[in-house]
Amino acid sequence: MLRPTWLRGIEFAIGAWILMMVLLMPPAGAGWFAVYLGYGAPLAALVLHIIYGFCLGLFYAPPAGVITALDAPPAGSPAQLG
């Protein structure tokens, strides 16, 4: 089933947020998920990443009629054979 591109953009952005919170925040002295900065900073970063991902997915979509590897049916499935 085809997922909307805006949803795929949000999924990508949440993954980027998780990587930022795990890989970049501890060396910056903010701790895992920026716990030393309070609850507002990581929450604000998450909201901004979600907005970014929505816009990214909305405006950076593949051309109409193009099936990407994520949208193709699995190999050997009835949709592919028939």
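None of these values were measured; they are calculated from a predicted model.

Caption draft 1: Layout of a nonpolar patch on the surface. A cluster of nonpolar side chains, contributed by I14, I18, W32, F33, V35, Y36 and I50, occupies part of the molecular surface with about 690 Å² of accessible area. By relative accessible area, Y36 is classed as exposed at 65%.

Caption draft 2: Unusual backbone geometry, seen in detail. A positive phi angle, close to 55°, is found at F33, a residue other than glycine. Assignment of secondary structure puts F33 in the loop between α1 (5-24) and α2 (40-59). The phi dihedral of A34 falls on the positive side, at around 55°, and the residue is not glycine. The class of A34 is buried, set by a relative accessible area of 1%.

Caption draft 3: Seen up close, α2. Between its terminal C-alpha atoms α2 stretches 28 Å, which fits the 28 Å expected from 20 residues at 1.5 Å a residue. All of the buried residues in α2 are P42, A45, H49, G53 and G57. Down the axis of α2, the sector holding all buried residues measures 95°, keeping them to one side. Residues of α2 that are exposed and point more than 90 degrees away from the buried face comprise L43, L48 and F59. Looking at the buried side of α2, the elements it contacts are α1.

Caption draft 4: Spotlight on the side chain of H49. Mapped onto the secondary structure, H49 falls in helix α2. Looking at H49, its side chain comes within polar contact range of the main-chain oxygen of A45, at 2.8 Å. Setting aside residues no more than four positions away along its own chain, H49 makes contact with A13, A16, W17 and M20.

Caption draft 5: Local environment of the packing of aromatic side chains. Here the structure, examined in full by the defined rule, presents two aromatic pairs. Taking 6.0 Å as the distance between ring centres and 55° as the angle between the ring planes, the aromatic pair formed by W6 and F54 counts as tilted. Residue W6 is located in helix α1, and its partner F54 is located in helix α2; the two are separated by 48 residues in the primary sequence. For W6, a relative accessible area of 36% corresponds to the partly exposed category. Aromatic pair W17 and F33: ring centres 5.7 Å apart, planes at 55°, arrangement tilted. Taken together, the residues W17 in helix α1 and F33 in the loop between α1 and α2 connect sequence positions 16 residues apart. Residue classification places W17 among the buried positions, given a relative accessible area of 12%.

Analysis parameters
Once a new chain begins, its residue numbering starts again from 1 and follows that chain's sequence as written. The predicted nature of this model means local features are confined to residues of pLDDT at least 70 and side-chain atom pairs, given and counted, to a pLDDT of 80 or more, with totals for whole chains, interfaces and linings taken over all residues. Side-chain numbers here rest on the full set of heavy atoms in the structure, without hydrogens or water. Note on patches: the residues involved have over 30% relative accessible area and no salt bridge, like charges join within 9 Å, and the nonpolar side chains Val, Leu, Ile, Met, Phe, Trp and Tyr join within 5 Å. Throughout, the Shrake-Rupley method with a 1.4 Å probe supplies accessible areas, and for residues the shown protein chains are the sole cover considered. By salt bridge we mean one thing: a side-chain nitrogen of Lys or Arg within 4 Å of a carboxyl oxygen of Asp or Glu. To sort residues, take the accessible area from a 1.4 Å probe on protein chains only and compare it with the maximum for the residue type: under 20% means buried, over 50% means exposed, and anything in between is partly exposed. Numbering of helices and strands runs from the N terminus, with a helix taken as a DSSP run of H or I at least four residues long and a strand as a DSSP run of E at least two residues long. Take the residue count of a helix, subtract one, and multiply by 1.5 Å to get its expected span. In this description, the arc belongs to the directions extending from the helix axis to the C-beta atoms. Two residues qualify as a contact provided that any one of their heavy atoms is within 4.5 Å of a heavy atom in the partner residue. A 3.5 Å cut-off defines polar contacts: any pair of N or O atoms within that distance qualifies, except that in protein one atom must be a possible hydrogen donor and the other a possible acceptor, and neighbouring residues in sequence count only when both atoms are side-chain atoms. Each aromatic pair joins two rings of Phe, Tyr and Trp (for Trp, the six-membered one) with centres within 6.5 Å, and gets the label stacked for planes under 30 degrees apart, edge-to-face for over 60, and tilted for any other angle.

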